[in-house]
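# Chain and residue survey
The residues making up each chain are set out below.
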Amino acid sequence: MMNSQRSEIPPVPKMGVRARVAEWPPRSKEYSGNSRHFQPSQSSFKPFHRRLIPHLKDLEFQEGFLGIPLRQRSSSEVTLSECDPEEIPEIRGNSSNSAGLFREYGSTSSIDVQGIPEQSFFEMLNEFRTKKPQNPDQNPEQPQPQKEKRRRCLKPDDSIFKKLLNPKDPEDPKLPEPPKSWICRKSFAHFDVQSIFFEAVSVGSAGTRRRNTTTGASAASAASHPPNFSSLENLNSKENLEEDLGDNTSNDLLLSCPHFRNEIGGGRGERDVSFSKSAFSSAAAAAPSGILGESGNFWKVSNAGVSVLEFPKEEQRNPERVGSFSVEHADLGATYYRDYFHGREHSNYFGLDEKLGPVAVSVRRERLEEPSEHGPQFQHRLIFRTSQLLTLRGSILEDATPSTAKAGSGRGVPVRELLEFVLPELNIHCLRLALPSPKVPEQLLKLDEQGLCRRHKVGILYCKAGQSSEEEMYNNEAAGPALDEFLALLGEKVSLKSFTKYAAQLDTKTDSTGTHSLYTTYQDYEIMFHVSTMLPYTPNNRQQLLRKRHIGNDIVTIIFQEPGALPFTPQNIRSHFQHVFIIVRAHQPCSDNVSYSVAVTRSKDVPPFGPPVPPAGVTFRRSDLFRAFLLAKAINGENAAHKSHKFRTMATRTRQEYLRDLAENYVTNTPLDAAGKFNLISLASKKKEKSKARPSAELESAGAVSWRVSALDFGRGGEEVPCVLGISKELVVLVDLAAKEVVFNCFTGDVIGWSAEGAALRIYHGRGDLVSLRVGISGVSGTAGTEEGAEAAAEEVKEIVQRLKVTTPGCATVDMTLRRNGLGQLGFHVHPDGSVAEVEEYGFAWQAGLRRGSRLLEVCKVAAVALSHEQMIDLLRTSVTVTVVIVPPHEDGTPRRLVLVWVVLVPA
């Protein structure tokens, strides 16, 4: 089976470090102001928040964190290799050579060609997990001497980043310039959110250097057990282990733990800059106790779950593609090359840029099917890859590109002019046309999809009443009735012998890892569970290494607690790889009233992930909803852990070596600008000037057109956050480049209106929720704060409004001042959702322009979405002067609305 898989995968590029291949199966998240425009300079801005949202506090965002090679501390901490020695000769095809290849991730390279199959980065992680423990006196960062002949790579002294890393080099007295961020062209339409993140890439920045630190549950264990400084390994760990006391949050399921952050319910959800998130975050925490059952549902994509922004026409505004719980922290746009380039006519170019290092560019020209008043429309799809893990993916219309050629003609815009316009920071003279070899697209597929994984393995530890330690849980020989009931809900018990699906390194031939296991699927993902009671049990062995060799190498572990179990803490676990623990406590198991409580703890540098844990006192019924919640939480937890510094550093090195191999071994001698370079006729004639791009041509793009804006974060007291606003035909997103996270998203079909005044813009969606933006933030425009800058910002606001008109069903809002009749009545009625029910014909409200189906967005300068129906009626009845902001109805008189989110709590 191994050999058949090996033959289908092309060889990896040669990259300088010997790699272990024994376990390489291929693997396929009270407003008192005078103006309603939220500008920081207005004195009315802060009182608005203090009146409506007195509970605002800062939210917390953490970056990722993951493990390092396992070191030999004690027998209880050792994680065994997942490779059986007898399998090595079979895989290598040479029974006489029993020494297995292995990988050292501390070296400057990542892969070596030994006639072995190519692997994805997730397979490399599995090798990294299963590497044998090293001698404590051996430096894990130092590569082992190798006898094999290796391809010559650049020495460290020859690195293109030498001058950046050593500014005091006597050969070059000039100090390096500070890194500059990419500013993508406005006419470029991003394919996905990850492409928008590309604007956070620093031009010419050197790769991050990997740190040798204790990570995962071992960090918590080391914090509670002072190391023995007699060994060099422990000394290094102590130096690199930062002091951390945890987050001081505990309950009956989970204790606060150093180097971990707990989610026990009742806290704030994900970060969101929209107004209602700050107004309603406490309402969710204060929800009454109850049981979350089948009636609960979530139809809005979480911010961390937004990835692809450009969808085919048949998938746009299709609610069926939005699952109950979205998968988060997944780069779903990684299939862009496979979906739009592979198997179609396109061009690939590779090169070694002086500042960027190895780069790869893919370009494809295609004709748009939708007709246009400007004639046939063509666009160029573009992928730009650097050693950074962020990739620029998207498209640009030919009409939006300045060129010496006529847009829409037979040959179209030259690639050289296209790249000069979209990527001015790139030295296009270094690019060479790729070889016409089938290995090139295969390598690009592997390169682009190295971080995309649809197969996950999750550990399950059984904790009986009165237990809490790792040894106690590993030594529970058999499952109790409560665990069996839980496992039957979670997945399907399968026989391992001859199992053909994802086995997660379990033996499918000889039953050496047990006869059965638990397997399931969720959406497009496969999950194999390493259940402690289904793995081999060794009598009179407290450490149960045959069980820990699997569960100890899983990033996510579910701790199943019977009633009466002691609270869990990661300090009782010793593993560099277990970074996320999902604690499930059963209540009244094996009865009709069985329910489950959930708590989650994650390593402090793993970013938050959903779906959110319900508030304290709310439990889950035994239902498909609970199953979906747990599976989504496990997948999102592993995806979030992959964003750790060490994991990203490993992936960056692998990516850089793939790119370097392509740039050195898979190129022709044809430069990008070869066409016309020696054209004698063109030398004799005057150089042709480039025609200007058609104004606002990018508004017709299907991808996300972006603008640099400043967004008010209502959840942080109105803090002004520099962001990128992206609007595609399907989604509206706000991206915080500094934090590298999406802070707002909604479907374009959910946008009901907007209000623009100068450089200020508010976008309303749903029932009237809003985000407040300002264009012309400092650092974006050199004329910010001047009259010229104000005019430029106002023009950009007009461009955003034009894009909203093209992509959304919304319209501009209308301000009204309503008068009362002789009886003090306003002459209209309002539904609880804020839409106007009836309007007295020819009354004062009618004369002002109010119609049935209009939606109230503000009442007396207070956002309607923050008011209950009774509060809204009270303001309309008692205010001396009634001012409202409304969005007119559709032409058929129906109100503009599309509510996409609801949560139902059934009282106990």
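### Quick notes on the overall build of the protein
- Along the protein, the regular secondary structure elements total 21 helices and 34 strands.
- When the 908 residues of the protein are sorted by exposure, 55% land in the buried category.
- Summed over its atoms, the accessible surface of the protein is roughly 39200 Å², and 50% of this surface lies on carbon and sulfur atoms.

### Concerning helix α19 (residues 787-807)
- The end-to-end C-alpha distance of α19, which contains 21 residues, comes to 31 Å, matching closely the 30 Å that a straight helix rising 1.5 Å per residue would cover.
- G789, A793, V797, I800, V801, R803, L804 and T807 are the residues of α19 that are buried. Within α19, the buried residues cover an arc of 160 degrees as seen down the axis, which keeps them to one side. Looking at α19, the residues exposed on the side facing more than 90 degrees away from the buried face are E787, E788 and K798.
- Buried residues belonging to α19 abut β20 (705-713), β21 (719-727), β24 (751-757), β25 (760-765) and β26 (769-775).

### Focus on the environment of F747
- Within the secondary structure, F747 is located in strand β23 (residues 741-747).
- The class of F747 is buried, set by a relative accessible area of 12%.
- It is 8.8 Å that separates the C-alpha atoms of F747 and V733, two residues lying 14 residues apart in sequence.

### Considering the pattern of salt bridges
- Enumeration over the complete set of coordinates arrives at 24 salt bridges.
- A salt bridge links R708 to E199, with the nearest nitrogen and oxygen atoms 3.0 Å apart. Of this pair, R708 sits in strand β20 while E199 sits in the loop between α6 (193-197) and β3 (202-203); the two residues are 509 residues apart in sequence, bridging distant segments of the chain.
- The class for E199 is buried, based on a relative accessible area of 3%.

### Topic: the environment of A330
- Mapped onto the secondary structure, A330 falls in the loop between β5 (290-292) and α10 (336-340).
- Distance in space between the C-alpha atoms of A330 and E638 is 10.0 Å, their sequence separation being 308 residues.

### Thoughts on helix α14 (residues 481-490)
- Burial within α14 is extensive, with seven of its ten residues counted as buried.
- Where α14 is concerned, the buried positions are A482, L483, E485, F486, L487, L489 and L490.

### Digging into the environment of H579
- The residue H579 is located in the loop between β15 (556-561) and β16 (580-587) in this model.
- The class for H579 is buried, based on a relative accessible area of 0%.
- The spatial distance from the C-alpha of H579 to the C-alpha of V556 is 6.3 Å, given a sequence separation of 23 residues.

### Concerning the packing of α14 against helix α16 (residues 624-641)
- Between α14 and α16, the least distance of the axes is 9 Å, while the angle of their chain directions is 80 degrees. In terms of orientation, α14 and α16 fall into the roughly perpendicular class. Every residue of α16 that contacts α14 at F486, L489 and L490 is listed here: F626, R627, L630 and L631.
- Across the contact of α14 with α16, the residue classes tally to six nonpolar, no polar and one charged.

### Overview of the packing of aromatic side chains
- Taken as a whole, this structure holds 18 aromatic pairs when the rule is applied.
- Ring centres 5.9 Å apart and planes at 70 degrees place the aromatic pair F198 and F384 in the edge-to-face group. Of this pair, F198 sits in the loop between α6 and β3 while F384 sits in strand β8 (residues 378-385), and the two are 186 residues apart along the sequence.
- For F198, a relative accessible area of 0% corresponds to the buried category.

### Things to note about the confidence of the model for the protein
- When pLDDT is averaged across the protein, the result is 75; 66% of the residues are at 70 or more.
- Per-element confidence in the protein ranges from a low mean pLDDT of 32 for strand β34 (residues 906-907) to a high of 97 for strand β14 (residues 525-531).
- Confidence over residues 280-289 falls short of pLDDT 50; this stretch has 17 contacts with residues more than four positions distant or in other chains.
- In this model residues 898-908 is a low-confidence stretch, pLDDT under 50, and it forms 30 contacts with partners more than four residues away in sequence or in other chains.

### With respect to the nonpolar core
- F350, V361, F384, L419, V422, L426 and L431 are the most contacted members of the largest nonpolar core, which has 62 residues in total.
- The next biggest cluster of nonpolar side chains, apart from the first, holds 46 residues, and it includes F325, F529, M534 and V580.

### A look at the sheet that holds strand β31 (residues 855-859)
- Taken in spatial order, the four strands line up as β28-β33-β31-β32 in an open sheet, and their pairing is antiparallel. Either end of the sheet is taken by a strand with one partner, and the two such strands are β28 (814-818) and β32 (862-863).
- As paired elements, β28 and strand β33 (residues 882-887) share five bridges and run antiparallel to each other. Residue L818 lies in a different strand from β33, and its bridge partner there is V882.
- The strands touched by helix α21 (residues 869-878) are β31, β32 and β33; relative to β31, the strand with the most contacts, the crossing angle is about 70 degrees.

Reading the values: rules and limits
Residues numbered from 1 in each chain as written. Predicted model: local features only at pLDDT ≥ 70, side-chain atom pairs only at ≥ 80, totals over all residues. Heavy atoms only, no water. Helix = DSSP H or I, 4+ residues; strand = E, 2+ residues; numbered from the N terminus. Buried < 20%, exposed > 50% of the residue type's maximum accessible area, 1.4 Å probe, protein only. Areas by Shrake-Rupley, 256 points an atom, 1.4 Å probe, with all protein chains shown as cover. Expected span 1.5 Å × (residues − 1). Arc of directions from axis to C-beta. Contact = heavy atoms within 4.5 Å. Salt bridge = Lys/Arg side-chain N within 4 Å of Asp/Glu carboxyl O. Axes fitted to C-alpha atoms, helices over the stretch in contact; angles between N-to-C directions. Parallel < 35°, antiparallel > 145°, perpendicular 65-115°, else oblique. Nonpolar A, V, L, I, M, F, W, Y, C, P; charged D, E, K, R; others polar. Phe/Tyr/Trp six-rings, centres within 6.5 Å; stacked < 30°, edge-to-face > 60°. pLDDT = per-residue confidence, 0-100. Core = buried A, V, L, I, M, F, W, Y, C linked by side-chain atoms within 4.5 Å. Pairing = 2+ DSSP bridges.

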